[in-house]
Amino acid sequence: MAAAVRWLRLSGRKARAVLEQEAPVRRSGAAAAAAAEGSVRHFSENAAPQEKSSNLEVAEEDIVIPRKKSWDKLAVLRALASTVKRDPTAAKYIFQDDPFLIPRSTRDFQLYTLSKASGENAARYVVNRHPEYFQRDIAVPHIPCLMPPNMELQLNEEVSEEALISQIQLRKVKASVNMYDQLLQKGATVSLETSNSLLDLLCFYGDREPSVEEPYAGENNESEELQEAPEEREQKGSSRNTSLWREKNNAERIFNLMPEKNAHSYCAMIRGMVKHRACEKAFGMYTELLNNMFNADVYTFNALILAVNEVKQNATDRLEVIEDLLRQMKQQNVQPNLLTFNSVLKVLKWCGGLGKNMAMRTLNEMKILNIEPSLATYEHLLRMFYRAASLPPNPPEIIYSILDEMEGKSFYPCDPDDDKFFLTAMKTCLKLKDVQLAYQLNRILETGENRKMMGNHFQQMAYWRTFFHLLCLMEQLDVIMKYYKELVLSAFYLNSDMLLSLLQALDTANHLELIPQIWKDNRPFWQNQRSVTAEEALALMARDVQPLETQIAFADCAADIKSFYERQESNQATLEWTAPVLNHITVLFARAGRPQEAWKMLELFKKHNRIPSHLVMNEVLNCITQENQADQARDLVKLAASFSLPSTPDLAKRVLEEFELSEEDRKDLAEMTEETDSYHE
């Protein structure tokens, strides 16, 4: 140990001596470098030489350490979520509970999604109906929204305004109306604020009890609605999920019974009438509001603007009403908000060329007021300028400006129609056949949390299906297969159009060997569809002769399709054995060296009254020749003669030349050939 200490002291002295010797050399080198740079450096004339400080203390900046750092409540969750990315091999989160119920087709997805929603509705019904059985709270910390409502009703104690407020807070429509009537019968006076709260409840739900299934009311028909034309869906509006305004309902009765009314009372009635499609009455109520010297709020004006489509059918009349409402907003000093301009754009979609001109003025007005457009704003513009099914030769370029403006921005919910933008934009990319524009839209989708703005599951699947369709039409096969592995079965499921587009892409790229894998991945879907996709796949596989390994894979795929047809036939389904399907499967079996299976397919021709083609008979004969089965070759010629095929003499000649037959068989084939020749003569 002592020797080690002495060695360290000695090495330290040597190091200091070396540094003292090298110091003058360094200083001289630095001076020479400064002299060399003197010709190119420019110093200020007022520059004074720096005086060497006696003390070498370095001036340090004061570092202020905060006593407390404020964090967002979701900061930790956001940090954890940023470390997780989407797994292309996993199913959607809602199906992670039971791997057996992971859907493999659009039909299964819809069934399982609605089943899960139905189960949640049933559980919510039981909890709300019997909250006394669910009072045990084991969540730490306490999560009030997951607990059943525990507000005690005061109905049994006494009829009072406090009990009425409790009923309104619990959204008990009929009970609230009954309580209000009892208060009036007792001669009690209900405050204006409570009466307005009751009006809000009645107008929001249309004088009906809120449905337990309300959060999922629209999912039953969502997939069907996505297949409809946008114009048809827009005209239907929310009539499927929103009840109509009934004549002389409790909202109107209570409104007329109110001894005192204010602007809130009228605005609640107007918004309720617009929501439940009593638009003519809404404008009449607005006129009554003006006659009583009240001013409407911005939300009431937004509702009236949306109701213009219902009360006016002509584009010019609609524009006049909108301009009049905007003028009255200015007179009443009501500041428009984002929903105001979005409502205007939503109506302008139905005003043709006049609407496009006013839409540009609306955007300029938004810029003047420093109102940032939302996704719904851009969606209305796209629907307005790219509404036609077939675009003109020189389509408008507004979508390029919109996507350039959106690049790098994160969007958050601001309008109920925000979730429609990405699907509408991708459909526009498909109309324009612009795949680079679709890539740009995908980059915007991946920015921040924009993926949450895609809408529900059905809208997400429609978006990715449209994107993949565009790829199949415009991209190279390697890019198509890359997105196929990432998206299919995890983000969406193929339908008939997608499968036909994918098969066309495989044919264009001359990579038909991938068809068996496509069939295997989407087998459950193919079984739920018509035979058109299966016929197209069989036609591509049977069109050209492929290497033996590929032919074997084709034959396995054909055998699977054959079993599918047989299973459908036993279930008395609408699928039938057509001549092309029988021909293609027989050819594939023959080219793969499966004579027995090919012969069974020939028997199906007789069973279903179909006639095999010349190619089928030649391919089967080639397979039999490779196996050197003379008896089966002779039977093949007899089968061709029974079908009265024109190729029977050629088949007989080939059999006579390529097989060693007995004299009797040769004589039979020769007679068969002569009979066939004389028959055709």
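A quick note: this is a predicted structure, and the numbers were derived from the prediction, not measured. (Residues numbered from 1 in each chain as written. Predicted model: local features only at pLDDT ≥ 70, side-chain atom pairs only at ≥ 80, totals over all residues. Heavy atoms only, no water.)

On to the environment of glutamine 629, then. Of note, glutamine 629 is situated in the loop between helix H30 (614-627) and helix H31 (630-642). Looking at glutamine 629, the relative accessible area reads 23%, which means it is partly exposed. In this structure the C-alpha to C-alpha distance between glutamine 629 and proline 595, which are 34 residues apart in sequence, comes to 9.6 Å. Residues within four places of glutamine 629 in sequence aside, it is in contact with Pro595, Gln596, Ile624 and Phe659. (Helix = DSSP H or I, 4+ residues; strand = E, 2+ residues; numbered from the N terminus. Buried < 20%, exposed > 50% of the residue type's maximum accessible area, 1.4 Å probe, protein only. Contact = heavy atoms within 4.5 Å.)

Okay, the packing of helix H19 (residues 421-432) against helix H20 (residues 435-446) next. The relative placement of two packed helices comes down to the angle between their axes together with the axis-to-axis distance. Closest axis-to-axis distance for the H19/H20 pair is 9 Å, and the angle between their directions is 165°. One finds that H19 runs roughly antiparallel with respect to H20. Judged by the sense of rotation from one axis to the other, the crossing of H19 with H20 is left-handed. Residues Phe421, Phe422, Ala425, Met426, Cys429 and Leu432 of H19 lie in contact with H20, whose contacting residues are Leu437, Ala438, Leu441, Asn442, Ile444 and Leu445. Here the contact of H19 with H20 is built from residues that sort into 11 nonpolar, one polar and no charged. (Axes fitted to C-alpha atoms, helices over the stretch in contact; angles between N-to-C directions. Parallel < 35°, antiparallel > 145°, perpendicular 65-115°, else oblique. Left-handed = near helix turned anticlockwise from the far one by under 90°. Nonpolar A, V, L, I, M, F, W, Y, C, P; charged D, E, K, R; others polar.)

Before going further, it helps to examine the side chain of threonine 300. Relative to the helices and strands, threonine 300 is located in helix H12 (residues 298-306). Among residues more than four places away in sequence, those in contact with threonine 300 are Cys267, Ile270 and Arg271.

Right, let's get into helix H16 (residues 352-368). Since there are 3.6 residues in each turn of an α-helix, residues three or four apart along the chain are aligned in direction. An ideal rise of 1.5 Å per residue puts 24 Å on 17 residues; H16 measures up with 25 Å between its terminal C-alpha atoms. Buried within H16 are the following residues: Gly355, Met358, Ala359, Thr362, Leu363 and Met366. When H16 is viewed along its axis, its buried side chains cluster within an angular range of 155° and face the same direction. What points out from H16, more than 90 degrees from its buried face, is the exposed set Asn357, Arg361, Lys367 and Ile368. On its buried face, H16 is in contact with helix H14 (315-331), helix H15 (338-348) and helix H17 (375-385). Once H16 finishes, asparagine 370 follows within two positions and takes phi at roughly 60°, a positive value. (Expected span 1.5 Å × (residues − 1). Arc of directions from axis to C-beta.)

Residue arginine 277 is not a glycine yet carries a positive backbone phi of 65°. Here arginine 277 shows up in the loop between helix H10 (263-275) and helix H11 (279-291). You will see that asparagine 370, though not glycine, has its phi angle at about 60°, which is positive. Tracing the backbone through its elements, the reader meets asparagine 370 in the loop between H16 and H17. We classify asparagine 370 as exposed; its relative accessible area is 69%.

Where helix H3 (residues 106-129) contacts helix H21 (residues 457-474), the axes come no closer than 11 Å and their chain directions differ by 165°. Taken together, the axes of H3 and H21 lie roughly antiparallel to each other. The way H3 lies across H21 gives a crossing that is right-handed. Here Thr106, Phe109, Gln110 and Thr113 of H3 lie close against H21, whose contacting residues are His457, Phe458, Met461 and Arg465. The residue makeup of the contact of H3 with H21, split by class, is three nonpolar, four polar and one charged.

A word on the confidence of the model for the protein chain. With 80% of its residues at a pLDDT of 70 or more, the protein chain has an overall mean of 81. The low-confidence segment residues 1-58 (pLDDT under 50) makes one contact with residues lying over four places distant or belonging to another chain. Between residues 235-240, whose pLDDT stays under 50, and residues either more than four places distant or in other chains, the model counts eight contacts. (pLDDT = per-residue confidence, 0-100.)

Summed over the entire model, instances satisfying the criterion amount to 18 aromatic pairs. Between phenylalanine 255 and tyrosine 266 the ring centres are 5.2 Å apart and the planes differ by 80°, which places this aromatic pair in the edge-to-face class. One end of the pair, phenylalanine 255, is in helix H9 (residues 250-257); the other, tyrosine 266, is in helix H10, with 11 residues separating them in the sequence. Relative accessible area serves as the criterion here: at 2%, phenylalanine 255 is assigned to the buried category. The class of tyrosine 266 is buried, set by a relative accessible area of 3%. Measuring from ring centre to ring centre gives 5.2 Å for phenylalanine 467 and tyrosine 483, while their planes differ by 85°; the resulting arrangement is edge-to-face. With phenylalanine 467 in helix H21 and tyrosine 483 in helix H22 (residues 477-487), this residue pair connects regions lying 16 residues apart in the sequence. No difference in accessibility class separates phenylalanine 467 from tyrosine 483, as the two residues are buried. (Phe/Tyr/Trp six-rings, centres within 6.5 Å; stacked < 30°, edge-to-face > 60°.)

Turning next to the environment of isoleucine 444. On the secondary structure map, isoleucine 444 appears in helix H20. Given a relative accessible area of 0%, isoleucine 444 falls into the buried group. Along the backbone, isoleucine 444 and phenylalanine 422 are 22 residues apart, and their C-alpha atoms lie at a distance of 9.5 Å. In contact with isoleucine 444, other than residues within four places in its own chain, are Leu403, Met406, Glu407, Phe422 and Asn450.

Our focus in this paragraph is the environment of alanine 278. Along the polypeptide, alanine 278 turns up in the loop between H10 and H11. Among the residues examined, alanine 278 registers a relative accessible area of 13% and is labelled buried. Linking alanine 278 and valine 311, residues 33 residues apart in sequence, is a C-alpha distance of 9.7 Å.

We now examine a nonpolar patch on the surface. Among the surface-exposed residues, Leu74, Val76, Leu77 and Leu80 lie close enough to one another that they form a single nonpolar patch of about 400 Å² accessible area. Inspection of the secondary structure puts leucine 74 in the loop between helix H1 (2-37) and helix H2 (75-81). On the basis of relative accessibility, which here comes to 42%, the residue leucine 74 falls in the partly exposed class. (Patch = residues over 30% accessible without salt bridge, like charges linked within 9 Å, V, L, I, M, F, W, Y side chains within 5 Å. Areas by Shrake-Rupley, 256 points an atom, 1.4 Å probe, with all protein chains shown as cover. Salt bridge = Lys/Arg side-chain N within 4 Å of Asp/Glu carboxyl O.)

Okay, H9 next. Buried within H9 are the following residues: Ala251, Glu252, Ile254 and Phe255. End-on, the buried residues of H9 take up no more than an arc of 165°, which puts them together on one face. As for H9, its buried residues are in contact with helix H5 (173-185), helix H6 (192-205), H10 and H11.

For the rest of this paragraph, the subject is the pattern of salt bridges. Within the structure shown, the criterion is met by 25 salt bridges. Two residues, aspartate 556 and arginine 594, come together in a salt bridge whose shortest N-O distance is 2.4 Å. Taken together, the positions of aspartate 556 in helix H27 (residues 548-570) and arginine 594 in the loop between helix H28 (579-591) and helix H29 (595-607) put the pair 38 residues apart, joining distant regions of the chain. Residue arginine 634 is joined to aspartate 635 by a salt bridge in which the shortest nitrogen-to-oxygen separation is 3.6 Å. Relative accessible area serves as the criterion here: at 18%, arginine 634 is assigned to the buried category. Taken together, the shared-partner salt bridges connect Glu247, Glu252 and Lys281 into one network.

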